[in-house]
Amino acid sequence: MAFTLLGFTISWSLVGALVALLVGREVWKLTYFKRHGIPGPGALPFLGNIITIGKKGFHFAFLEFNEKYGKVFGVFMFGQPVIVTSDPEMVREIAVKSFSNFINHPSSALTNRPFDKGLFNLKGQKWKNTRSIITPTFSGSKIRKMSDLVNECCDLLVRNIKGDRCEAVDVSRFFEAFTLDGIARCAFGLQVDSQNNPNDPFITNAKKIIFGKTFQWKTMLAGLVPPLAHLMNFLDVKTMPPDVINFFSSVTEEAISMRENKLVTEDQKDFLRLLINAHKLSDTDTIGERKRAEDVTDVHNRLDEHHNTGYFLDTKKDNPKLTKEEIVGQGLFFFIAGYETTSTTLGFIAYSLATNPEVQDKLIQEVDEVTPDRDSVNYRSIAKMTYLDGVVCETLRMYPPAALTNRICNETFTYKGVTIPKGMHVLLAVFSIHYNPEFWPNPKEFDPERFSKERSEGRHPFAWMPFGAGPRHCIGMRFALMEIKMAIVRLLQKFRFETCSKSEVPVKLGTRNVKPEKGIVLSVIERK
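The rules behind these values
- Residues numbered from 1 in each chain as written.
- Predicted model: local features only at pLDDT ≥ 70, side-chain atom pairs only at ≥ 80, totals over all residues.
- Heavy atoms only, no water.
- Salt bridge = Lys/Arg side-chain N within 4 Å of Asp/Glu carboxyl O.
- Helix = DSSP H or I, 4+ residues; strand = E, 2+ residues; numbered from the N terminus.
- Buried < 20%, exposed > 50% of the residue type's maximum accessible area, 1.4 Å probe, protein only.
- Pairing = 2+ DSSP bridges.
- Axes fitted to C-alpha atoms, helices over the stretch in contact; angles between N-to-C directions.
- Parallel < 35°, antiparallel > 145°, perpendicular 65-115°, else oblique.
- Left-handed = near helix turned anticlockwise from the far one by under 90°.
- Contact = heavy atoms within 4.5 Å.
- Nonpolar A, V, L, I, M, F, W, Y, C, P; charged D, E, K, R; others polar.
- Polar contact = N/O pair within 3.5 Å; in protein donor to acceptor, adjacent residues only side chain to side chain.
- Core = buried A, V, L, I, M, F, W, Y, C linked by side-chain atoms within 4.5 Å.
- pLDDT = per-residue confidence, 0-100.
- Disulfide = S-S within 2.5 Å.

Right, let's talk about the pattern of salt bridges for a bit. Between side chains of opposite charge, a pair can form when the charged atoms approach closely. Counting across every chain of the model gives 20 salt bridges. Measuring nitrogen to oxygen at the nearest pair gives 2.7 Å for the salt bridge that ties Lys 126 to Glu 326. With Lys 126 in helix α6 (residues 124-134) and Glu 326 in helix α17 (residues 324-355), this residue pair connects regions lying 200 residues apart in the sequence. A residue is classified by how much of its surface remains accessible, and Lys 126, at 43% relative accessible area, is partly exposed. A salt bridge links Arg 496 to Glu 498; its shortest N-O distance comes to 3.7 Å.

Taken together, 4 strands build an open sheet; the order of strands is β3-β4-β9-β6 and the sheet is mixed. One side of each edge strand has no neighbouring strand; the edge strands of this open sheet are β3 (72-77) and β6 (405-408). Adjacent strand axes in the sheet meet at a mean angle of 30° when their direction is disregarded. In this structure, β3 lies alongside strand β4 (residues 80-85), joined through 6 bridges in antiparallel fashion. Residue pairing across strands places Val 72 opposite Thr 85, the latter belonging to β4.

Turning our attention to the packing of helix α18 (residues 357-370) against helix α20 (residues 386-398). Their axes nearest at 9 Å, the elements α18 and α20 cross at an angle of 140°. With respect to their mutual orientation, α18 and α20 come out oblique. Where α18 crosses over α20, the handedness of that crossing is left-handed. Along the contact surface, α18 presents Val 359, Lys 362, Leu 363 and Glu 366, while α20 presents Thr 386, Tyr 387, Leu 388 and Val 391. Considering only residue class, the contact of α18 with α20 consists of 5 nonpolar, 1 polar and 2 charged.

Considering the arrangement of structural elements, one finds Arg 374 in the loop between α18 and α19 (379-383). Relative accessible area serves as the criterion here: at 31%, Arg 374 is assigned to the partly exposed category. Residues Arg 374 and Asp 155 lie 219 residues apart in sequence; the distance between their C-alpha atoms is 8.7 Å. Not counting chain neighbours up to four residues away, the residues in contact with Arg 374 comprise Asn 151, Glu 152, Asp 155, Arg 490 and Gln 493. Polar contacts involving the side chain of Arg 374 include one to the side chain of Asp 375, which spans 3.0 Å.

Ile 420 and Phe 497 are the most contacted members of the largest nonpolar core, which has 134 residues in total. The leading source of residues in this core is α17, at 13 residues. Leave out the neighbours within four places in its chain, and Phe 497 touches Val 171, Phe 175, Ala 350, Leu 353, Ala 354, Gln 360, Leu 491, Leu 492, Leu 522, Ser 523 and Val 524. If you look at the next biggest cluster of nonpolar residues, it comprises 11 residues, including Ile 53, Ala 61, Leu 427 and Ala 429.

Here we take up helix α5 (residues 88-97). Of all 10 residues that make up α5, 7 are buried, and the element is covered over most of its length. All of the buried residues along α5 are Pro 88, Met 90, Val 91, Glu 93, Ile 94, Ala 95 and Val 96. The N-terminus of α5 is capped by Asp 87, whose side-chain oxygen sits 3.0 Å from the backbone nitrogen of Glu 89.

Along the chain, Asn 356 turns up in the loop between α17 and α18. Relative accessible area serves as the criterion here: at 14%, Asn 356 is assigned to the buried category. There is a polar contact of 2.8 Å between the side chain of Asn 356 and the backbone oxygen of Ser 352.

The next subject is the sheet that holds strand β5 (residues 169-170). Strand order in this open sheet of 3 strands is β5-β11-β10, and the pairing throughout is antiparallel. Edge strands, defined here as strands with exactly one partner in the open sheet, are β5 and β10 (495-498). Sheet topology places β5 next to strand β11 (residues 521-526); 2 bridges connect them, and they run antiparallel. Within the sheet, the bridge partner assigned to Val 169 lies in β11 and is Leu 522.

In this section: the confidence of the model for the chain. When pLDDT is averaged across the chain, the result is 83; 78% of the residues are at 70 or more. Low pLDDT, under 50, characterises residues 289-297; the predicted model gives this stretch 19 contacts beyond four residues in sequence or across chains.

Once that is clear, we can look at the state of the cysteines. On inspection of all chains with the given rule, the structure shows 0 disulfides. Between Cys 153, a cysteine without a disulfide, and Cys 186, which holds the nearest cysteine sulfur, the sulfur-to-sulfur distance is 5.5 Å.

Let's shift gears to unusual backbone geometry. The residue after Val 505, namely Pro 506, is reached through a cis peptide bond having omega -5°. Summarising the element assignment, Pro 506 is placed in the loop between β10 and β11. If you check the backbone angles, Lys 416 has positive phi at about 50° while not being a glycine. Structurally, the position occupied by Lys 416 is in the loop between β7 (413-415) and β8 (418-420). Among the residues examined, Lys 416 registers a relative accessible area of 71% and is labelled exposed. In this model, Asn 442 sits at a positive phi of 50°, which is unusual for a non-glycine residue. Positionally, Asn 442 belongs in the loop between α21 (430-434) and α22 (453-456).

This is the structure:
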């Protein structure tokens, strides 16, 4: 029997043969890990393990697979084989020791200009050159100069919580507003109050990025149908509304013009000004700042030591200026990467303090001793607060904003009998490492003392990596930690957090990422 399609006569037997060939090819592909001696869960043709992972969430699914198959296993993301590792030593090998083999993140299906100019999406030498230009911008001394701006945003946070204090309040909305205000002020040099002025153009456009659904379906469609992705890139299809992109582009260009024409005082130290002048900053800024005495007690230096951040220092000092499009890309990247991660972490800290009152009491004691008033809160003072650092680090261990990070292998690589071929994606399972009892006894227990100097000694340096690993770790780490710590200190000077009848204990995490599914409702009590 046969049928006609577009003028061609096609037999059903031919169709059956083509379908059998396609299915057979897919089934053979799904035996990849079994043929290479790598354990992992069974997968469905074409879909792989995406249904199971989607239902449980990457963090919980990989934690379960880790317990069942070991620290290294294979999964299929649709039809693509992916190796997942939660072995800290293998992570160090991939992210640091053999970094040249894994220098890039996998490419996004959509180019999505100007987001493709952001650091996360850049590749190879272009990424290294750009990161080398920008690295001094995020150094300790530059971040320290922004502490006054962050403290002013903390003023708004304290004022808004005090004005809306009650027995049951979703603290997430206060932290979201604070983070928006901080990004507007420190990145773009704009002074906004998103809690009380929700119609400010910066706020309305920012929320279109944060809560927009366009990104999800366009990205998924492009990933499922590669030829369609090429067409969408040719047509310059955006995952965000064009008016939002145009708004941030015009804001950035206007701000650049004002700074270049000296219409804004030089005293205003924001990231935009630093990015404009980034090509003038010397690499020695970064080297010297690591040795400054005021940073000794901070977690930053330990991370620098193990993650080989000196990788960028062999780049030529005569780096070219960033173009306006590149500055816009970095600004948008800074916004997207910093908004949800910072606000969510603040919410989890408040929740952890409320559910562990003895920890909160000890932290309040340190706050009262080291930072008794508003003006004593700055980069140097919070760097001295070891218990505060422990509280923040433990929160980031239990609730890492990025449950995993990824790399793509650019040269075939073998580690302890596991071969990763060129072109294969590798996922570094941060959440699984953070809950491994081998490194963290009683991992579900909130214990800031884990990060004391005595208990940290001997622990694998890659057993904790909420900011990623190696030279591609989060460049905004210092700023994020300063922002988080200053906000918590300023709040604990005036208030304490307690659970109430509407609090969800334990908090239920979403499946899309490590985020509260229903917000975080607590009582905010004014201290006497």
